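Spelled out, the chains give:
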Amino acid sequence: MSERTELERDLLAKAAQYFPGNSTGNTNYPEELNFLIREGKAGRVWDVSGNEYVDWLMGSGPMIMGHAHPAVTQAVLEAVGRGSTFFANNDQAVMLAEELCEAVPCADKVRFTTSGTDACFQAMRAARAYTGKEKILKFEGGYHGTSDYAMMSVFASSSVEFPQAEANSAGIPRALSDLMLVSQFNDLDTTAAIVDAHKDEIAAVIVEPLQRTLAPNPGFLAGLRKITSDAGVLLIFDEVVTGFRLAYGGAQEFYGVTPDLCSVGKIMGGGYPLAAVLGSDEVMSVYDRSSVSSDSYVDQIGTLNGNPIACAAGLATLAELRKDGVYDRLHSVGGRIRHALVDACSEQGFTVQSVGEDAIFDIYFADHPVQNYRDGLAADPAPLARLNYGLLNHGIIKSWPQKFYPSVAHTDADVDQTIAAIREVAPNLRD
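Residues numbered from 1 in each chain as written. Predicted model: local features only at pLDDT ≥ 70, side-chain atom pairs only at ≥ 80, totals over all residues. Heavy atoms only, no water.

Peer 1: Would you take a moment to explain the overall build of the protein chain for this structure?
Peer 2: Looking only at helices and strands, one finds 13 helices and 13 strands in the protein chain. For 431 residues, the compact-globule estimate of 2.2 N^0.38 gives 22 Å, and the protein chain sits close to it at 22 Å. In terms of principal-axis extent, the alpha carbons of the protein chain reach across some 65 × 55 × 45 Å. Buried positions account for 55% of the 431 residues belonging to the protein chain. Taking the contacts inside the protein chain whose residues are at least 6 apart along the sequence as the reference set, 69% of them involve residues at least 24 apart. Carbon and sulfur atoms provide 50% of the accessible area of the protein chain, an area that totals close to 18200 Å². With 33 positive and 55 negative side-chain charges, the protein chain shows a spacing of 2 Å between the two charge centroids. (Helix = DSSP H or I, 4+ residues; strand = E, 2+ residues; numbered from the N terminus. Rg over C-alpha atoms; globule rule 2.2 N^0.38 Å. Buried < 20%, exposed > 50% of the residue type's maximum accessible area, 1.4 Å probe, protein only. Contact = heavy atoms within 4.5 Å. Areas by Shrake-Rupley, 256 points an atom, 1.4 Å probe, with all protein chains shown as cover. Lys, Arg positive; Asp, Glu negative; His and termini not counted. Charge placed at Lys NZ, Arg CZ, Asp CG, Glu CD.)

Peer 1: Help me out: how do you make sense of the pairing of strand S7 (residues 202–207) in this one?
Peer 2: Within a regular strand, the side chains alternate between the two sheet faces. With respect to burial, S7 is a largely interior element, six of its six residues being buried. Pairing analysis gives three bridges linking strand S5 (residues 135–139) to S7, with the strands arranged parallel. Within S7, the residue paired with Leu-137 across the bridge is Val-205. Pairing geometry for S7 and strand S8 (residues 234–239), over four bridges, is parallel. Bridge pairing in S8 links Ala-204 to Leu-234. In this fold, the crossover linking S7 to S8 by way of helix H6 (residues 220–231) has right-handed handedness. (Pairing = 2+ DSSP bridges. Right-handed = clockwise from strand over helix to strand, strands pointing away.)

Peer 1: Help me understand the pattern of salt bridges in this model?
Peer 2: Where charged atoms from two side chains of opposite charge approach closely, those side chains can pair. In the structure shown here, the tally under the stated rule is 21 salt bridges. The partner of Lys-323 in a salt bridge is Glu-320, and the shortest N-O contact between them spans 3.1 Å. With its nearest N and O atoms 2.7 Å apart, the salt bridge here joins Arg-423 to Glu-347. You can see Arg-423 sitting in helix H13 (residues 412–425) and its partner Glu-347 sitting in helix H10 (residues 326–347), a full 76 residues away along the chain. (Salt bridge = Lys/Arg side-chain N within 4 Å of Asp/Glu carboxyl O.)

Peer 1: It is not clear to me how the layout of surface pockets should be interpreted in this structure. Could you clarify?
Peer 2: If you roll a probe as big as a water molecule over the atoms, it shows you where there is empty space left. Taken as a whole, the second largest pocket holds about 450 Å³ of empty space. Top element by residues in the lining of the second largest pocket is helix H3 (residues 91–103). It accounts for four residues. Broken down by class, the residue content of the lining of the second largest pocket amounts to eight nonpolar, seven polar and two charged. (1 Å grid on protein atoms, 1.4 Å probe; cavity = no way out; pocket = protein on both sides within 12 Å on 5 of 7 lines; lining within 4 Å. Points joined across faces, edges and corners; volume = space filled by probe spheres on them. Nonpolar A, V, L, I, M, F, W, Y, C, P; charged D, E, K, R; others polar.)

Peer 1: Can you help me understand the pairing of strand S3 (residues 52–55) in this one?
Peer 2: Here three bridges tie strand S2 (residues 44–47) to S3, and the two strands are oriented antiparallel to one another. By the bridge assignment for S3, Trp-46 is matched with Glu-52. Between S2 and the antiparallel strand that follows it, S3, lie four residues; Gly-50 among them carries a positive phi value of about 95°. Here S3 pairs with strand S13 (residues 396–397) via two bridges, running parallel. Looking across to S13, one finds that Val-54 is bridged to Ile-396.

Peer 1: Sorry, what's going on with the nonpolar core here?
Peer 2: The nonpolar side chains of a soluble globular protein tend to be buried, and buried together. Core analysis: the biggest nonpolar cluster contains 62 residues, and Leu-96, Leu-100, Phe-112, Phe-244, Met-268, Leu-278 and Leu-321 have the highest contact counts within it. Contact partners of Phe-112, with chain neighbours within four places excluded, come to Ala-93, Leu-96, Ala-97, Leu-100, Met-268, Leu-274, Ala-275, Ala-276, Gln-300, Asn-305, Gly-306 and Cys-311. The next biggest cluster of nonpolar side chains, apart from the first, holds 32 residues, and it includes Met-124, Ile-136, Ile-236 and Ala-275. (Core = buried A, V, L, I, M, F, W, Y, C linked by side-chain atoms within 4.5 Å.)

Peer 1: What is the right way to read H13 from this model?
Peer 2: Helical geometry note: an α-helix holds 3.6 residues per turn, so side chains three or four residues apart project in the same direction. When the terminal C-alpha atoms of H13 are compared, their 20 Å separation across 14 residues agrees well with the 20 Å that a helix rising 1.5 Å per residue should span. For H13, the complete set of buried residues consists of Asp-414, Val-415, Thr-418, Ile-419, Ala-421, Ile-422 and Val-425. The arc that holds every buried residue of H13, seen down its axis, measures 160°, which confines them to one face. Next to the buried residues of H13 lie S2, S3, H10, helix H12 (381–393) and S13. (Expected span 1.5 Å × (residues − 1). Arc of directions from axis to C-beta.)

Peer 1: Help me understand the packing of aromatic side chains, please; the structure alone is not making it clear to me.
Peer 2: Aromatic rings in a pair are described by how distant their centres are and how their planes are angled relative to each other. Going through the model one piece at a time under the given rule, you end up with twelve aromatic pairs. Between Phe-254 and Tyr-255, the aromatic rings sit 5.0 Å apart at their centres with planes inclined by 85°, giving edge-to-face as the arrangement. Ring plane angle 5° and centroid distance 5.2 Å describe the contact between Phe-361 and Phe-404, whose orientation is recorded as stacked. Placement of Phe-361 in strand S12 (residues 360–365) and of Phe-404 in the loop between S13 and H13 is noted, with a sequence separation of 43 residues between them. Aromatic rings pair up to connect Tyr-29, Phe-35, Tyr-53 and Trp-400 into one cluster. A cation over an aromatic ring shows up here: Arg-430 above the ring of Phe-350, its NZ or CZ 4.1 Å from the ring centre. (Phe/Tyr/Trp six-rings, centres within 6.5 Å; stacked < 30°, edge-to-face > 60°. Lys NZ or Arg CZ within 6 Å of the ring centre and 35° of its normal.)

Peer 1: Can you walk me through the sheet that holds S2 in this structure?
Peer 2: Strand pairing in a sheet relies on backbone hydrogen bonds, with the paired strands running either antiparallel or parallel. With mixed pairing, four strands are arranged side by side in an open sheet as S1-S2-S3-S13. If you trace the sheet from one side to the other, it starts and ends with strand S1 (37–41) and S13, each paired once.

Peer 1: What's the story with the environment of Gln-300 in this structure? I'm lost.
Peer 2: Structurally, Gln-300 is set in the loop between helix H8 (281–284) and helix H9 (308–321). The buried category is assigned to Gln-300, whose relative accessible area is 7%. Distance in space between the C-alpha atoms of Gln-300 and Leu-391 is 43 Å, their sequence separation being 91 residues. Setting aside residues no more than four positions away along its own chain, Gln-300 makes contact with Arg-111, Phe-112, Thr-113, Asp-118, Gln-122, Tyr-287 and Asn-305. A polar atom in the side chain of Gln-300 sits 3.0 Å from the side chain of Arg-111. (Polar contact = N/O pair within 3.5 Å; in protein donor to acceptor, adjacent residues only side chain to side chain.)

Peer 1: Explanation requested: the packing of helix H2 (residues 70–80) against H9 in the structure shown.
Peer 2: When two helices pack together, their arrangement is given by the angle between the helix axes and by the axis-to-axis distance. Closest axis-to-axis distance for the H2/H9 pair is 8 Å, and the angle between their directions is 155°. One way to sum up the angle between H2 and H9 is to call them roughly antiparallel. As for how H2 packs across H9, the hand of that crossing is right-handed. Note on element contacts: H9 touches H2 through Pro-308, Ile-309, Ala-312, Ala-313, Ala-316, Thr-317 and Glu-320, opposite Ala-71, Val-72, Ala-75, Val-76, Ala-79 and Val-80. Per-class residue counts for the contact of H2 with H9 are eleven nonpolar, one polar and one charged. (Axes fitted to C-alpha atoms, helices over the stretch in contact; angles between N-to-C directions. Parallel < 35°, antiparallel > 145°, perpendicular 65-115°, else oblique. Left-handed = near helix turned anticlockwise from the far one by under 90°.)

Here it is as structure tokens:
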């Protein structure tokens, strides 16, 4: 267990005093292992006491080039010197919009926001405006941010029948649950039946093409594309996580399926508050007052939309990602950790399921394939909790409870240290 300086102990006490639940709302580590990050460099971070960690959380994904990457840092410093924000079109936003449209298959037009939550919310609103229909279908366990519509059936009880939606946060009006329909990820039959029964009411289907860490079964996304097209329903890919991670063109390039709209965030902002809705000219026309009737126009304003500093960071990040060998390196780093996790746990007599892709993954302690949210509920959470606890105690940070985010900045030494920690912790995963 890491030593804490008086300064960090004092700051931790202040965090408990001023933060509801002793958290900014993102992470909640065990109290005895709680820490405050002071700085990050490449694939590592340091806490206020100076303890060093190998970081597989990476800001929950955006830091694919590593913390404080020199090219990104330089671009930000230059942008700061030109002004912080303008509430007007700016050159950095235009150049980033061009790069997004060149990279992402579904993108003809871009509307910037400042968070993945807002990008997903805006994509659903745009779909409603374009189609004139009010309902959205999502998948149980899928996370699309914290808007009232998105916080349905994210942590559903398995007793709820499809397509009923279940609100997972206080403060959500009960009436909104009637506007969301829910299906099961990787289940085309259930999804097709729901869409067919409600196609006159459904504006769009929204899906994480890789749902949290669950990869789509072969043919699932293509089948979803056909179901929605045949029914006259829009398809939205939530690529806040997968955009520029699985491939430069995101999940659309990686899996070869193109939606009507998508949300992007995290990586495309280089670690700064930036996200966007991308889509076809026709659908994105709802944001153009001169192109649609007043009944179809979406008025979307944000003080920091297209912020020049965030856009500069995004441009620098994407330039690095276009270099030769970047994605080969990313998948190689992730693949080594994935195999080590399975091997170490299997050697201790556990049956585990490796889920996701090499660029984003984790394991479930289960003797059955995990293809959807309910399969995950049937897995044993206790060994995974011990694994996470043990890794953190060995100076290895990952998303809690589940997810590894490899980066290009992770070195062979980072990987070797992580694998060594996994092997040390694995024998202690039983009661």
